[in-house]
Amino acid sequence: MGSAVYADQTRAINARAVEFDFATVPMHYIPGEAMATHIINVMHLVLPEGERAMAQALAEALPLIDDERLREEVRGFIGQESMHASSHEKAREQLERLGLDVGPMVENVSWLVDRILGDHGLTGRAKREWLCERLALFAGMEHYTAVIGEWLLTNDTLEAKGMHPAMLDLIRWHGAEEVEHRSVVYDAYMHVDGGYARKARQALIASAGLLVLFVVSGGYLFHKDPSQHKGRFWPLQLAGASLRGVVPSFTTFITEIPRYLRPGFHPSQLGPMDHALRYLAQSPAARAASA
Ligand SMILES: [Fe+2]
Ligand SMILES: [Fe+2]
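Figured I'd write up the structure that's included with this text. What you are looking at is a predicted structure, and each value in this text was computed from that prediction instead of being measured.

A short note on the coordination of the iron ion (ligand 1)
Then, in step 1: Coordination of the iron ion (ligand 1) by the protein involves E51 (OE), E81 (OE), H84 (ND1), H174 (NE2) and E178 (OE), with metal-donor separations of 2.0 to 2.3 Å.
Then, in step 2: When the donors of the iron ion (ligand 1) are listed by position in the chain, the intervening gaps give E-x29-E-x2-H-x89-H-x3-E.
Then, in step 3: For the pair the iron ion (ligand 1) and the iron ion (ligand 2), the metal-to-metal distance amounts to 3.7 Å, and E81 bridges them. With E81 and H84 both in helix α3 (residues 68-97), this residue pair falls three residues apart, about one helical turn. Of the two residues examined, E81 and H84, each falls in the buried class.

Looking at the packing of aromatic side chains
Then, in step 1: Enumeration according to the criterion identifies six aromatic pairs in this entry.
Then, in step 2: Here the aromatic rings of Y186 and Y260 are separated by 6.0 Å at their centres, their planes lie at 80°, and the arrangement is edge-to-face. Placement of the pair is Y186 in helix α8 (residues 184-192) and Y260 in helix α11 (residues 252-261), with a sequence separation of 74 residues. The residues Y186 and Y260 share a single accessibility class, namely buried.
Then, in step 3: Pairwise contacts between aromatic rings join F20, F22 and W173 into one cluster.
Then, in step 4: Taking the ring centre of Y260 as reference, the NZ or CZ of K199 above it sits at 5.4 Å.
Then, in step 5: It is K230 that lies over the ring of F222; its NZ or CZ is 4.9 Å from the centre.

Let's talk about the side chain of E133
Then, in step 1: Mapping E133 onto the fold places it in helix α5 (residues 124-154).
Then, in step 2: Looking at E133, the relative accessible area reads 14%, which means it is buried.

With respect to the coordination of the iron ion (ligand 2)
Then, in step 1: Around the iron ion (ligand 2), the protein contributes the donor atoms E81 (OE), E142 (OE), E142 (OE), E178 (OE), E178 (OE) and H181 (NE2), at 1.9 to 2.6 Å from the metal centre.
Then, in step 2: What the six donor atoms of the iron ion (ligand 2) show is an angle range of 54 to 149° at the metal, which sorts the shape as irregular.
Then, in step 3: Mapped onto the polypeptide sequence, the residues donating to the iron ion (ligand 2) form the spacing pattern E-x60-E-x35-E-x2-H.

Digging into the side chain of R134
Then, in step 1: Mapping R134 onto the fold places it in helix α5.
Then, in step 2: A distance of 3.3 Å separates a polar atom in the side chain of R134 from the backbone oxygen of L117.
Then, in step 3: Setting aside residues no more than four positions away along its own chain, R134 makes contact with A57, E60, L117, G118 and D119.

Comments concerning the pattern of salt bridges
Then, in step 1: Under the criterion given, the structure shown has 18 salt bridges.
Then, in step 2: Of the charged contacts, one joins E49 and R52 as a salt bridge, the two residues approaching to 3.2 Å between their closest N and O atoms. You can see E49 and its partner R52 sitting in helix α2 (residues 47-61), three residues apart, about one turn around the helix.
Then, in step 3: You can call E49 buried: its relative accessible area is 13%.
Then, in step 4: For the salt bridge of R172 with E159, the shortest nitrogen-to-oxygen distance reads 3.3 Å. Highlighted residues: R172 in helix α7 (residues 165-180) and E159 in helix α6 (residues 157-160), separated in sequence by 13 residues.
Then, in step 5: For R172, a relative accessible area of 8% corresponds to the buried category.

Cut-offs and rules
Residues numbered from 1 in each chain as written. Chains lettered and ligands numbered in written order. Predicted model: local features only at pLDDT ≥ 70, side-chain atom pairs only at ≥ 80, totals over all residues. Heavy atoms only, no water. Donors = N, O, S within 2.8 Å, 3.2 Å for Na, K, Ca; no water. Helix = DSSP H or I, 4+ residues; strand = E, 2+ residues; numbered from the N terminus. Buried < 20%, exposed > 50% of the residue type's maximum accessible area, 1.4 Å probe, protein only. Phe/Tyr/Trp six-rings, centres within 6.5 Å; stacked < 30°, edge-to-face > 60°. Lys NZ or Arg CZ within 6 Å of the ring centre and 35° of its normal. Tetrahedral: all angles 85-135°; square planar, octahedral: opposite > 155°, others 65-115°. Polar contact = N/O pair within 3.5 Å; in protein donor to acceptor, adjacent residues only side chain to side chain. Contact = heavy atoms within 4.5 Å. Salt bridge = Lys/Arg side-chain N within 4 Å of Asp/Glu carboxyl O.

In structure tokens form, the structure reads like this:
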């Protein structure tokens, strides 16, 4: 496998320093869109745990990767995902200050992620097989973060709706780095294992898992929202937000499956990275950190 697979990806992956100021972020930071706000909130509450599990699995895979360039990309990937997790945690602290009680949920998610996606103390062949399963799962998940990342960069609705600029910057910066590192886990999986059946099986699990995760956690957060102006019946709000383009369409989790599973697919085929690279060059948080 090795270099031929990602020869057309010429970028080095590196973590960027960022500095966000969430002090003025209100509870419904997409004005008038309580449920869409909570769908974005899932990113602050649930994704950091997943990103940490991913970074851990990739660190475990490093000794199995003998291609120096891929190793470098994997190290850059680990740095980027760790930075995502800690930035979203800061956003979460602001939500807690505003009265969104998410402590128990975060603890449960952390316990569950550890329980499901940890290394289980395995050794030998079982350890390697389990690592390959997780790499295949995370490769599938990274397909969605790349597709949704591109959506966040190119969708104007959130801006038009008056989404708080620090939150918008957070999700666009994150989305842009997801686009930038979209091939890393895929290449790592192909390098370490590369089996099609495993890739397909785990892609379906990633798809269903992410869909359920977003809907169930979003609903839970809506329920926890103490504000009187959040409106009613979240499933309807969610369907409306999806139709109006305030959140990505939930059909994405189905329509992307054939593309990802097509023989010969590689994440570099997802299209140009222009939006992502342009955004990363001018993200306010990245500028604030380098000032
Ligand atoms: Fe991320
Ligand atoms: Fe990622």
